[in-house]
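# Descriptive analysis of the structure
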Amino acid sequence: MKRKKYYIFLGIVLSVFILVIGMNIRYPFVTPAVGKWSVGYHFSKRIFPKQNFHPAEIFTYELVDSLVKGNIHYLADPFFIKEKDNFFLFVELKGEGNADIALFTAEEDSSFEYQGIVLDEPYHLSYPQVFKYKEEFYMLPETKGSNNVLLYKAKNFPYEWIVEDTLLKNRGLKDPSILLTDDLNLIVAVDDNLKQYMFTADSLRGKWTEVENYEQRWGNETRPGGRFFQVEETWYLPVQNRSKGYGTGISIYELENKRGKLKLTMNEKLFLGPQKDIVWFNRGMHHLDVQKIDEGYFFVYDGDRKTGIQEFQYKRTLKFNFLDFYNFLRH
């Protein structure tokens, strides 16, 4: 009887040990601390497969810190738009207090120059998703602090922006990514619990409603990390990967629309990730904006550098493993 109890106890201990090891492999209990984000860019003839990066094509938070008063903590979430021969690059800029939206500009074949803050609100701003719609310039940033999804319109592009509409009221959502086409209009976003939502409307200024038959997911690889982009006839969405902590990398998901049922499915795991040879991006990356320009594609992205500090995050490990199991059972 004692020997039987011993083997039962040993089996339980081994099972727990194997479970803990497995959980740690998926989402380590100890991860590098988040550092300070910087922004990079490059041009490529292709999107797939994975890209090569060049340290010379990076402007850092230290660069902006040297140009302005006060301390700059990071630059992140870059989005751009090209108008004629000019590039307009909008970024989240975290100085003192809430983050604002800042602007860099460049003429074709020239370097970007910092132009300053172009949007400042009483709440935190990020994810300055800028786009042109029916000859007007709009921005759909993250405005979770207002508890609404707010649409801005350029009063004097690219420097003055005003709230044009509230697309979703009383919804505190992160990183709303919008897709506007002749056949389909979508917004994908997550809440604070990383539960993913999808909304649709008949137009930008129409009534946005939640997609009822959408297969929601929670946890890792649910939060958008950039705008939708198209390759041939397929639409893709960059999504944040958190396997080694916040901002590990970007995976690419494909938008499927089969008989009216919408679904995001994995296309390429960790399309962007830590760049060991680039000190500014050696901890991770968490944003990508790519658009077709002439005969190729222009990429902008952000990356984070290691601080040398490690963090124990057992709650994250337990939560993400549980949510992965939950998603597996549901789908």
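Up top you'll find the structure we're talking about.
Now for a quick tour of the structure. Remember, predicted model here, so these are calculated numbers, not experimental data.

In the structure shown here, the tally under the stated rule is 30 aromatic pairs. With 5.0 Å between their ring centres and 70° between their planes, Phe88 and Phe157 make a pair best called edge-to-face. On the criterion of sequence distance, the pair formed by Phe88 in strand 5 (residues 86–94) and Phe157 in the loop between strand 10 (149–156) and strand 11 (160–168) is long-range, its members being 69 residues apart. Accessibility classification places Phe88 together with Phe157 in one group, the buried group. An aromatic cluster of three or more residues is present, and its members are Tyr41, Phe59, Phe80, Phe87, Phe104, Phe112, Tyr114 and Phe298. A cation over an aromatic ring shows up here: Lys292 above the ring of Tyr297, its NZ or CZ 5.1 Å from the ring centre. Geometry around Trp280 places Arg305 over its ring, the cationic atom sitting 4.3 Å from the centre.

With respect to the secondary-structure elements, Lys144 resides in the loop between strand 9 (136–142) and strand 10. C-alpha of Lys144 to C-alpha of Lys174: the two residues are 30 residues apart in sequence and 6.1 Å apart in space. When residues no more than four places from it in sequence are discounted, the contact partners of Lys144 are Gly172, Leu173, Lys174 and Asp192.

Counting buried positions along strand 13 (residues 185–190) yields six of six residues, so the element is predominantly enclosed. Residues of strand 13 alternate between two faces, with Asn185, Ile187 and Ala189 on one and Leu186, Val188 and Val190 on the opposite face, all of them buried. Across five bridges, the pairing between strand 12 (residues 174–180) and strand 13 is antiparallel. Considered in strand 13, the bridge of Leu180 is made with Asn185. Joining the antiparallel neighbours strand 12 and strand 13 is a turn of four residues. The pairing of strand 13 with strand 14 (residues 196–200) spans five bridges and is classified as antiparallel. Paired with Val188 across the bridge in strand 14 is Met198.

The next point concerns the pattern of salt bridges. Under the counting rule described, the total for this entry stands at 17 salt bridges. Note that Lys261 and Glu215 form a salt bridge whose closest N and O atoms lie 3.3 Å from each other. In this pair, Lys261 is assigned in strand 19 (residues 261–272) and Glu215 in the loop between strand 15 (209–210) and strand 16 (229–231), connecting sequence segments 46 residues apart. When its relative accessible area of 25% is taken as the criterion, Glu215 is described as partly exposed. Across the salt bridge formed by Arg283 and Asp304, the nearest N and O atoms sit 2.3 Å from each other. Taken together, the residues span a long stretch of sequence, with Arg283 in the loop between strand 19 and strand 20 (284–293) and Asp304 in strand 21 (residues 296–304) at a distance of 21 residues. Each member of the pair Arg283 and Asp304 is classed as buried. Here the salt bridges do not stand alone but share partners, grouping Glu83, Lys132 and Glu135 into one network.

The rules behind each value
- Residues numbered from 1 in each chain as written.
- Predicted model: local features only at pLDDT ≥ 70, side-chain atom pairs only at ≥ 80, totals over all residues.
- Heavy atoms only, no water.
- Phe/Tyr/Trp six-rings, centres within 6.5 Å; stacked < 30°, edge-to-face > 60°.
- Helix = DSSP H or I, 4+ residues; strand = E, 2+ residues; numbered from the N terminus.
- Buried < 20%, exposed > 50% of the residue type's maximum accessible area, 1.4 Å probe, protein only.
- Lys NZ or Arg CZ within 6 Å of the ring centre and 35° of its normal.
- Contact = heavy atoms within 4.5 Å.
- Pairing = 2+ DSSP bridges.
- Salt bridge = Lys/Arg side-chain N within 4 Å of Asp/Glu carboxyl O.

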